[in-house]
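Inside the fold
So the chains spell out like this:
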Amino acid sequence: MSERQSPEGLPRPIKWTRQDYSRVPFAVFHDPELYQREMQRVFGGPAWQFLGFAAEIPKPGDFRTAFLGETPVVYNRDMEGGIHAFVNRCAHRGSVVRREPYGNAKDHVCIYHQWCYGLDGSLLGVPFQRGLAGQGGLPADFKRSDHGLRRLRIENFRGALFANFDDAAAPLEDYLGEEIGGWLARLLKGEIRILGYQRQFIRGNWKLYAENSRDQYHGSLLHRFQGALITRTVTEGGLRLDPRHRHSLIYSMPGRKALEVDSARVQEDVVHDIDGADRLRRMTMLRHIDEYGDGVGSAICSLFPGVVFQRIRNSLATRVIRPKGLDAFELHWTLFGFADDSEELGAHRLLQANIGGPAGYVSLEDGEAIELVHNATKQASDEASLLEMGGIGPIPEHVTTRMNELSVRGFWSYYAELMGEEPEGGIR
Ligand code: FES
Ligand SMILES: [Fe+2]
């Protein structure tokens, strides 16, 4: 592969120095050309991407807007109950068609020249298609059927909607793999009830969040509150991956302690300055109702490229990464429970949502850590981060230690594949 230089003098293609992705060049977080390619290959290619829940559009005509990468999309329910998703961009001159975050309508009308689209995305009407008084208008052979909104493939996975730009991509089930798909199916155990939304704006490259949500190692270290009160360093836990290592499930089992660890000593290091958290007034916030009966206290399932399905005790949520340029992204949180939740459980889920989220006890620290990395690496394009925790070389599909960064390497291996940037002999 020949090496080119970007106008900014950054090296290209990506200079992987290890075939196992245990070094990640900082340039990948700061290269504008790579970012443009990511929008096409990572967010516009064969990866299945989470759109939202069917429960968000329960009635005929209900629609919601979202983003896949930076591409605006709209999804809706038609009059027969079918669900469709489109690129939210007018076939005429490219305006966003639906500007509202959600609503109910019989059609979608673009504000610019009022082209009108049906709930299946087809172009229904063009003002002055035949001109005015016999003059102007579109050519006689213009076919409305050739100019609908761009349709996306869609799959409904137990109420979670996933979209795909690539008609040739493998089905969602294959994409998820048995282990991760099975976990997701168990997580979405009933009819979904939406509890609310949160948004968090972070000034850093989106991939730093993809790393963060796969990184089990930082949990009880960066998050002092978590380390002291939610899941201690010595709690049993681990990591599961799909065979291609693109998705990650990190979990902990609070009822069990990992064996042969001097827990008093480990905790000594971790809890010395969390007096405030120890004096938390509403300890009920931490109560865990073992609704799944599996002893798992917290589980963070990250799907490539940009969604997390979270189960922190009884707080369930999706977090979607919405890149906003090279240097920023928004995390879009959807808090959910189930239609048959008791009122008490619904309220408990919302109370417990305060652990995460932009104003919570934990996730604001992730945003801070990401900004620290983003800013400190801007001028370090020839240097790389180090990912050796949990071992180097081939990536296993299951480990029972939480002190690892294995699925972060997994993320990079699939990223490199999609971007056409795998090093010679790179692992998968
Ligand atoms: S850009 Fe949408 S109608 Fe012209
Ligand atoms: Fe974190």
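Heads up: these notes are all about the structure in this document. Keep in mind that what you see is a predicted model, and the values were worked out from it rather than measured.

What to know about the overall build of the protein
- In terms of regular secondary structure, the protein is built from 11 helices and 22 strands.
- Classification of the 428 residues of the protein by burial places 56% in the buried group.
- Of all intrachain contacts in the protein linking residues separated by at least 6 positions in sequence, the fraction that spans at least 24 positions is 65%.
- Total accessible area on the protein stands at roughly 19,300 Å², and carbon and sulfur atoms take up 49% of it.

Remarks on the coordination of the iron ion (ligand 2)
- Around the iron ion (ligand 2), the protein contributes the donor atoms His218 (NE2), His223 (NE2), Asp366 (OD) and Asp366 (OD), which lie 2.0 to 2.5 Å from the metal centre.
- Metal-centred angles of 56 to 145° between the four donor atoms at the iron ion (ligand 2) mark the site as irregular.
- Each donor residue of the iron ion (ligand 2) belongs to the same chain, and together they define the spacing H-x4-H-x142-D. Of this pair, histidine 223 sits in the loop between helix H5 (219–222) and helix H6 (224–230) while aspartate 366 sits in helix H10 (residues 363–377), and the two are 143 residues apart along the sequence. Pair check on accessibility: histidine 223 and aspartate 366 agree, each one buried.

Digging into the side chain of arginine 319
- On the secondary structure map, arginine 319 appears in strand E19 (residues 315–323).
- At 5.3 Å, aspartate 366 is the nearest oppositely charged side chain to arginine 319, a buried residue that forms no salt bridge.
- A polar atom in the side chain of arginine 319 sits 2.8 Å from the side chain of tyrosine 209.
- Excluding its chain neighbours within four sequence positions, the residues that come into contact with arginine 319 are Tyr209, Ile300, Gly306, Val307, Val308, Gln310, Ile312, Leu331, His332 and Trp333.

A closer look at the nonpolar core
- Counting 84 residues, the largest nonpolar core has Phe162, Trp206, Phe309, Trp412 and Tyr415 as its most contacted members.
- For tyrosine 415, the contacting residues outside a window of four places in its chain are Ile14, Leu34, Glu38, Val42, Trp206, Lys207 and Phe304.
- Ile57, Leu68, Leu152 and Leu161 belong to the second largest nonpolar core, which has 14 residues in total.

Side note on the pattern of salt bridges
- What the rule picks out here adds up to 20 salt bridges.
- Across the pair glutamate 417 and arginine 244 runs a salt bridge whose closest N-O atoms are separated by 2.8 Å. A residue pair is termed long-range when its members are at least 10 positions apart, and glutamate 417 in helix H11 (residues 406–419) and arginine 244 in the loop between strand E15 (235–241) and strand E16 (248–257) qualify at 173 residues.
- By relative accessible area, glutamate 417 is classed as partly exposed at 25%.
- With its nearest N and O atoms 2.7 Å apart, the salt bridge here joins arginine 311 to aspartate 294. Separated by 17 residues along the polypeptide, arginine 311 in strand E18 (residues 307–312) and aspartate 294 in the loop between helix H8 (275–278) and strand E17 (298–303) bring together distant segments of the chain.

So, the packing of aromatic side chains
- Scanning the model with the defined rule gives 18 aromatic pairs in all.
- Here phenylalanine 304 and tyrosine 414 contribute two aromatic rings whose centre-to-centre distance is 4.8 Å and whose plane-to-plane angle is 75°, an arrangement assigned as edge-to-face. One end of the pair, phenylalanine 304, is in the loop between E17 and E18; the other, tyrosine 414, is in helix H11, with 110 residues separating them in the sequence.
- Consider the rings of phenylalanine 336 and phenylalanine 338, whose centres lie 6.2 Å apart with planes at 85°: the pair is edge-to-face.

Some thoughts on the sheet that holds strand E11 (residues 123–125)
- If you walk across this open sheet you meet the three strands as E9-E10-E11, and the pairing is antiparallel. Two strands in the sheet have a free side with no partner beyond their single neighbour: strand E9 (108–109) and E11.
- Where strand E10 (residues 116–117) meets E11, two bridges bridge the pair, whose relative direction is antiparallel. What sits directly across from cysteine 116, in E11, is glycine 125.

A word on the sheet that holds strand E8 (residues 102–104)
- Taking strand neighbours across the sheet as the criterion, the four strands line up as E7-E6-E5-E8 in an open arrangement whose pairing is antiparallel. Looking at strand neighbours, the two that pair on one side only are strand E7 (83–87) and E8, the edges of this open sheet. Averaged over all neighbouring strand pairs, the angle between strand axes comes to 25°, with direction disregarded.
- In the sheet, strand E5 (residues 62–68) pairs with strand E6 (residues 71–77) via six bridges, with the strands oriented antiparallel. Bridged to arginine 64 within E6 is tyrosine 75.

Reading the values: the criteria
- Residues numbered from 1 in each chain as written.
- Chains lettered and ligands numbered in written order.
- Predicted model: local features only at pLDDT ≥ 70, side-chain atom pairs only at ≥ 80, totals over all residues.
- Heavy atoms only, no water.
- Helix = DSSP H or I, 4+ residues; strand = E, 2+ residues; numbered from the N terminus.
- Buried < 20%, exposed > 50% of the residue type's maximum accessible area, 1.4 Å probe, protein only.
- Contact = heavy atoms within 4.5 Å.
- Areas by Shrake-Rupley, 256 points an atom, 1.4 Å probe, with all protein chains shown as cover.
- Donors = N, O, S within 2.8 Å, 3.2 Å for Na, K, Ca; no water.
- Tetrahedral: all angles 85-135°; square planar, octahedral: opposite > 155°, others 65-115°.
- Lys, Arg positive; Asp, Glu negative; His and termini not counted.
- Salt bridge = Lys/Arg side-chain N within 4 Å of Asp/Glu carboxyl O.
- Polar contact = N/O pair within 3.5 Å; in protein donor to acceptor, adjacent residues only side chain to side chain.
- Core = buried A, V, L, I, M, F, W, Y, C linked by side-chain atoms within 4.5 Å.
- Phe/Tyr/Trp six-rings, centres within 6.5 Å; stacked < 30°, edge-to-face > 60°.
- Pairing = 2+ DSSP bridges.
- Axes fitted to C-alpha atoms, helices over the stretch in contact; angles between N-to-C directions.

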